[in-house]
Amino acid sequence: MSITTQAVTTQAVTMQAVTPVILDGDPGHDDAIAWMLALAHPRLDVRAITTVAGNAPIEQTTLNMLRLATLFGAEDVPLAQGCSRPLVAPPQAAPSVHGASGLDGPTLPEPTVALQECSGVELMARILRTSDRPVWIIATGPLTNVATLLMAYPDVKEQIAGISFMGGGIRSGNWTPAAEFNMLVDPEAASVVFASGIPLLMAGLDVTEKAMIMEEDVERIRQVGGVAGHSAGGGPGGTSITEIVAEWLEFFFGFHRELGYEGAPVHDPVAVVALTHPEILTGQDMVVSIETSGAYTRGATVGDVYHTTGKAPNTRVFLDIEREAYVDLIVEAVEHFSEVTPS
Ligand code: RIB
Ligand code: CA
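The paragraphs below set out a description of the structure included in this document. Think of each chain on its own: its residues are numbered from 1, step by step along the sequence as written. Whichever chain is written first becomes A and whichever ligand is written first becomes 1, with later ones labelled in order. The predicted nature of this model means local features are confined to residues of pLDDT at least 70 and side-chain atom pairs, given and counted, to a pLDDT of 80 or more, with totals for whole chains, interfaces and linings taken over all residues. Side-chain numbers here rest on the full set of heavy atoms in the structure, without hydrogens or water.

1. A word on helix 9 (residues 215-222)
Put simply, the test is: Throughout this description, buried means an accessible area under 20% of the type-specific maximum (1.4 Å probe, protein chains only), exposed means over 50%, and partly exposed covers the range between. Secondary structure follows DSSP: runs of H or I at least 4 residues long count as helices, runs of E at least 2 residues long count as strands, and numbering of each begins at the N terminus. The arc in question is formed by the directions pointing from the helix axis toward the C-beta atoms. Throughout, a residue-residue contact means that at least one pair of heavy atoms, one from each residue, lies within 4.5 Å.
Considered for burial, the residues of helix 9 that qualify are D217, V218 and I221. Buried residues of helix 9, viewed axially, fall in a sector of 100°; they line one side. Those residues of helix 9 that are buried are in contact with strand 8 (212-213), helix 10 (241-258) and helix 12 (323-338).

What follows is the structure, encoded as structure tokens:
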């Protein structure tokens, strides 16, 4: 049975002239590319970046965040370390995919930026409470920080415009047969988010496995004129952001090639594109629930595709993407940073 898809109406995600966002993730090669897209987009106002334990332990994902903020010249963006472990489950990482550091491959600049004194969840709450308008959260790792925020600071919920997240998969998992990694690491946190009533945009495996970057796309990226990473940091020895992104993708290819992929599904940037370019996505609004107790299905996102529950949908689930347009957006973000002339 095919899932009927509909063009994603943009009402729910029509961006304002400038849309404030908080980036929360577990960098992570694809988190890094997602953050590059967000920081490059003229109509996204990145108000904060926070880390969560996921691809690698929190110390690593946080060091990676500091290096990425240096590389992308995000000196003015408040940065904070988030939760070091899931709400209930023991931590689990993905060194087979991202390496022990969580971002293996090209050497990145030593950080020239510092963490806020507060925790990631406290920073999220502060940004939301002081924002002049509701803020989108773009989550590309386990939802531990977001769930903790909602439980610890219930007053901020009305200041959250929505949550655009990479996670789950209606048809299958990638870390178990039923569960995608981000959802599997912290199903209890995902359960809090799915029950929150906040507008949810889900970039799950149904769409991100189609967000495939091929070898020829990497070669196209390599053609982008590269200058050293931002003057605030830059790649060591003037490694250009162009080269760094190409090497991230090459590293990411390694794991997926062994699984027989013809390219690399670059998952996380789809959660950014869901806000900036919803027109290249198609999907369906549906009720999504998260399994937290199944012996074989813990972490599964169960989508009510045929509206059997009769309940009102809680999630917009993306199911397809215009792949070429997606690649263009990644190339444009690399071009943006390659035009930064170190001061
Ligand atoms: O399953 C893919 C997700 O898990 C991505 O967010 C990747 O970065 C890892 O966190
Ligand atoms: Ca991630």
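2. Here we look at the packing of aromatic side chains
As a reminder, the rule being used: Side-chain rings of Phe, Tyr and Trp (the six-membered ring for Trp) are treated as a pair once their centres are within 6.5 Å; stacked means planes under 30 degrees apart, edge-to-face means over 60, and tilted covers the remaining angles.
Considering all chains together, one arrives at four aromatic pairs under this definition. Here W175 and F181 contribute two aromatic rings whose centre-to-centre distance is 5.0 Å and whose plane-to-plane angle is 75°, an arrangement assigned as edge-to-face. Connected via pairs of aromatic rings, a cluster forms that spans F72, W248 and F337.

3. Looking at a nonpolar patch on the surface
Short version of the rule: For patch detection, residues must exceed 30% relative accessible area and be free of salt bridges, and they are connected within 9 Å for like charges or within 5 Å for nonpolar side chains (Val, Leu, Ile, Met, Phe, Trp, Tyr). Throughout, the Shrake-Rupley method with a 1.4 Å probe supplies accessible areas, and for residues the shown protein chains are the sole cover considered. The working definition used for a salt bridge is a side-chain nitrogen of Lys or Arg within 4 Å of a carboxyl oxygen of Asp or Glu.
A cluster of nonpolar side chains, L87, V88 and M151, forms an exposed patch at the surface whose accessible area comes to about 270 Å². Inspection of the secondary structure assignment puts V88 in the loop between strand 4 (79-81) and helix 3 (95-98). Residue V88 is classed as exposed on the basis of its relative accessible area, which comes to 56%.

4. Things to note about the site of ligand 1
Just so we agree on the cut-off: Put simply, a residue is near a molecule or strand once any heavy atom of it comes within 4 Å of that molecule or strand. Polar contact is defined as a pair of N or O atoms within 3.5 Å, subject to the rule that within protein one atom must be able to donate a hydrogen and the other to accept it, and that residues adjacent in sequence are counted only when both atoms are side-chain atoms. Think of it as three bins: nonpolar holds Ala, Val, Leu, Ile, Met, Phe, Trp, Tyr, Cys and Pro, charged holds Asp, Glu, Lys and Arg, and polar takes everything else, Gly as well.
Around ligand 1, 13 residues are found, and the nearest of them are D30, N174, E180, N182 and D268. Interatomic distance of 2.9 Å between a backbone N/O atom of T140 and an oxygen atom of ligand 1. Within the contact set of ligand 1, an oxygen atom lies 2.9 Å away from a side-chain nitrogen or oxygen of N182. Considered on its own, ligand 1 offers 270 Å² of accessible surface; in the complex 96% of this is hidden by protein. Contributions of two or more residues to the shell around ligand 1 are made by helix 1 (29-40) and helix 6 (181-185). Class assignment for the residues of the shell around ligand 1 results in two nonpolar, six polar and five charged.

5. Topic: the packing of helix 1 against helix 10
Heads up, the condition is: Every axis in this analysis is a line fitted to C-alpha atoms, fitted for helices over the stretch in contact. Angles between the N-to-C directions lie between 0 and 180 degrees. Take the far helix as your reference; a near helix turned counterclockwise from it by less than a right angle gives a left-handed crossing, and one turned clockwise gives a right-handed crossing.
For the pair helix 1 and helix 10, the least separation of the axes is 9 Å and the interaxial angle reads 145°. Our pair here, helix 1 against helix 10, has a crossing hand that is left-handed. Residue-level contacts link H29, D30, A32, I33 and M36 of helix 1 to I241, V245, W248, L249, F251 and F252 of helix 10. Split into classes, the residues belonging to the contact of helix 1 with helix 10 amount to nine nonpolar, one polar and one charged.

6. Concerning the coordination of the calcium ion (ligand 2)
Test applied: For Na, K and Ca the donor cutoff is 3.2 Å, while for all other metals N, O and S atoms count as donors only within 2.8 Å; water does not appear among the atoms, so some sites may look incomplete.
Only D26 (OD), D31 (OD), D31 (OD), T140 (O) and D268 (OD) from the protein reach the calcium ion (ligand 2) as donors, at distances of 2.2 to 2.6 Å. Residue D31 is classed as buried on the basis of its relative accessible area, which comes to 0%. Judged by relative accessible area, T140 falls into the buried class, the value being 1%.

7. Some remarks on the side chain of D206
The test is simple: Think of it this way: Lys and Arg go in the positive column, Asp and Glu in the negative one, and His and the chain ends go nowhere.
Secondary-structure assignment places D206 in helix 8 (residues 205-208). We note that D206 is buried and unpaired, the nearest opposite charge coming from R171 at a distance of 4.2 Å. Beyond its immediate sequence surroundings of up to four residues, D206 is in contact with G169, I170, R171, V317, F318 and L319.

8. Let's talk about unusual backbone geometry
With a phi angle near 55°, H307 is a residue other than glycine that sits in the positive phi range. Along the chain, the position of H307 falls in the loop between strand 12 (301-303) and strand 13 (315-321).

9. Some thoughts on the environment of G167
Mapping G167 onto the fold places it in the loop between strand 6 (160-166) and helix 6. For G167, a relative accessible area of 0% puts it in the buried group. Considering only alpha carbons, one finds G167 and D206, 39 residues apart in sequence, at a separation of 9.9 Å.

10. Points about the pattern of salt bridges
Applying the stated criterion across every chain yields a total of 14 salt bridges. Two residues, E110 and R67, come together in a salt bridge whose shortest N-O distance is 2.9 Å. Of the two residues, E110 is situated in the loop between helix 3 and helix 4 (120-130) and R67 in helix 2 (residues 58-71); the sequence distance between them amounts to 43 residues. Taking the relative accessible area as the measure of exposure, E110 reaches 53% and is therefore exposed. E243 serves as the salt-bridge partner of R222, at 2.9 Å between the closest nitrogen and oxygen. Of this pair, R222 sits in helix 9 while E243 sits in helix 10, placing them 21 residues apart in sequence.

11. Here we look at the nonpolar core
The line we're drawing: Definition of nonpolar core: a set of buried residues of the types Ala, Val, Leu, Ile, Met, Phe, Trp, Tyr and Cys, connected through side-chain atoms within 4.5 Å.
Grouped together as the largest cluster of nonpolar side chains are 69 residues, with contacts concentrated most on M36, L37, I213, W248, L249 and Y326. Sequence-distant contacts of Y326, defined by excluding residues within four places in its chain, comprise A211, I213, V266, H267, P269, V270, V273, I280 and I321. Formed by 39 residues, the second largest nonpolar core is a distinct cluster that contains V121, M183, M202 and V305.

12. A few points about the side chain of R47
Relative to the elements of secondary structure, R47 occurs in strand 3 (residues 44-51). Among the residues examined, R47 registers a relative accessible area of 17% and is labelled buried. At 2.6 Å, the side chain of R47 and the side chain of D45 are in polar contact. Polar contacts involving the side chain of R47 include one to the side chain of S131, which spans 3.0 Å. What R47 contacts, discounting residues up to four positions off in sequence, is P20, V21, V77, P78, I127, S131, D132, R133 and V135.

Geometric values such as these leave the question of function open.
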